[in-house]
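Listed here are the chains, written in short residue letters.
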Amino acid sequence: MIEVTETETPSGDCEDAYTITRTWTATDNCGNTATESQTITVGDNTPPVIAGVPADETIECDEVANLGDANVTATDNCDNDVTIEITEQTEPGDCEDTYTLIRTWTATDNCGNRSEESQTITVGDTTPPTLAGVPADETADCGDTIADAPNVTADDNCDGDVTIELDEETTPGDCDGSYTLTRTWTATDNCGNTATDTQTITVGD
């Protein structure tokens with residue numbers, strides 16, 4: 001008669017690692033016995049597989065708020081509930097509103113096997129500001145009073161405090177008392193994108 005027994009012993013290394021011992025015992029009619037054993041060492045050296053990490057992309061600085069959370073998952077050959085962690089690293093760019101955002105997902109199974117996948121998001125600023133309040137061109141008589149330059153404003157997709165500079169240039173006309181006044185407003189954001197708008201005042205006699 002042959003009997004087989006099987007025992008399972010945790011290895012202590014991790015939840016999915018253990019040892020299986022199978023023992024066969026042969027017994028004859030007179031009670032004489034012989035035994036043989038097999039030891040099966042079960043381990044887990046296979047890292048999880050990550051899925052759903054978005055592709056690298058390039059976006060404008062005002063689109064960062066729309067990124068949202070990616071639906072990243074992980075499967076494993078042994079662990080049905082893999083732990084996933086995300087870290088974010090920011091590397092400065094050429095100007096204040098440009099940078100590189102690196103998102104890294106790390107999946108770890110019960111036995112400490114890990115795998116990583118990353119997404120690189122290049123954040124840029126190529127959008128110039130928008131000027132508002134620049135008056136239309138006008139014609140005036142030499143005796144008229146020319147109003148001071150108005151308070152022109154500027155909006156930008158990323159920079160909340162756009163720099164505005166005013167340049168005034170006077171060009172003599174065909175006779176005394178006539179000239180052209182050209183006012184040029186230049187708005188510059190943090191990344192050097194500029195927008196200009198001009199008012200021309202023609203003063204005649």
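Since we're looking at a predicted model, the values are computed, not measured.

**Here's the deal with the overall build of the protein**
Move 1: Each helix and strand in the protein was counted, giving zero helices and 15 strands.
Move 2: Principal-axis analysis of the C-alpha atoms places the extent of the protein at approximately 140 × 20 × 20 Å.
Move 3: A total of 205 residues make up the protein; the buried ones form 28% of that total.
Move 4: Considering only contacts in the protein between residues 6 or more positions apart, those separated by 24 or more positions represent 50%.
Move 5: With an accessible surface of roughly 13,000 Å², the protein has 42% of that area assigned to carbon and sulfur atoms.
Move 6: Of the charged side chains in the protein, 4 are positive and 46 negative; the average position of the first set lies 12 Å away from that of the second.

**Description of the state of the cysteines**
Move 1: For the coordinates displayed, the defined rule picks out three disulfides.
Move 2: The side chain of cysteine 14 participates in a disulfide bridge whose partner is cysteine 111; the two sulfur atoms lie 1.8 Å from each other. Taking the sign of the S-S torsion, 70° for the link of cysteine 14 and cysteine 111, the bridge is right-handed. In this pair, cysteine 14 sits in the loop between β1 (2–10) and β2 (18–27) while cysteine 111 sits in the loop between β8 (99–108) and β9 (114–124), placing the two residues 97 residues apart along the sequence.
Move 3: Classification of cysteine 14 as buried rests on a relative accessible area of 18%.

**So, the pairing of β2**
Move 1: Across nine bridges, the pairing between β1 and β2 is antiparallel. What sits directly across from threonine 7, in β2, is threonine 21.
Move 2: With ten bridges connecting them, β2 and strand β3 (residues 33–42) associate as antiparallel partners. Bridged to threonine 21 within β3 is threonine 39.

**Quick notes on the pattern of salt bridges**
Move 1: With the rule as written, the count across this model stands at four salt bridges.
Move 2: Between arginine 22 and glutamate 6 there is a salt bridge, and its shortest N-O distance comes to 2.9 Å. Of this pair, arginine 22 sits in strand β2 while glutamate 6 sits in strand β1, and the two are 16 residues apart along the sequence.
Move 3: By relative accessible area, which is 30% here, arginine 22 ends up partly exposed.
Move 4: Under the relative-accessibility criterion, glutamate 6 is labelled exposed at 51%.
Move 5: The partner of glutamate 116 in a salt bridge is arginine 114, and the shortest N-O contact between them spans 3.6 Å.

Conventions used here
Residues numbered from 1 in each chain as written. Predicted model: local features only at pLDDT ≥ 70, side-chain atom pairs only at ≥ 80, totals over all residues. Heavy atoms only, no water. Helix = DSSP H or I, 4+ residues; strand = E, 2+ residues; numbered from the N terminus. Buried < 20%, exposed > 50% of the residue type's maximum accessible area, 1.4 Å probe, protein only. Contact = heavy atoms within 4.5 Å. Areas by Shrake-Rupley, 256 points an atom, 1.4 Å probe, with all protein chains shown as cover. Lys, Arg positive; Asp, Glu negative; His and termini not counted. Charge placed at Lys NZ, Arg CZ, Asp CG, Glu CD. Disulfide = S-S within 2.5 Å. Pairing = 2+ DSSP bridges. Salt bridge = Lys/Arg side-chain N within 4 Å of Asp/Glu carboxyl O.

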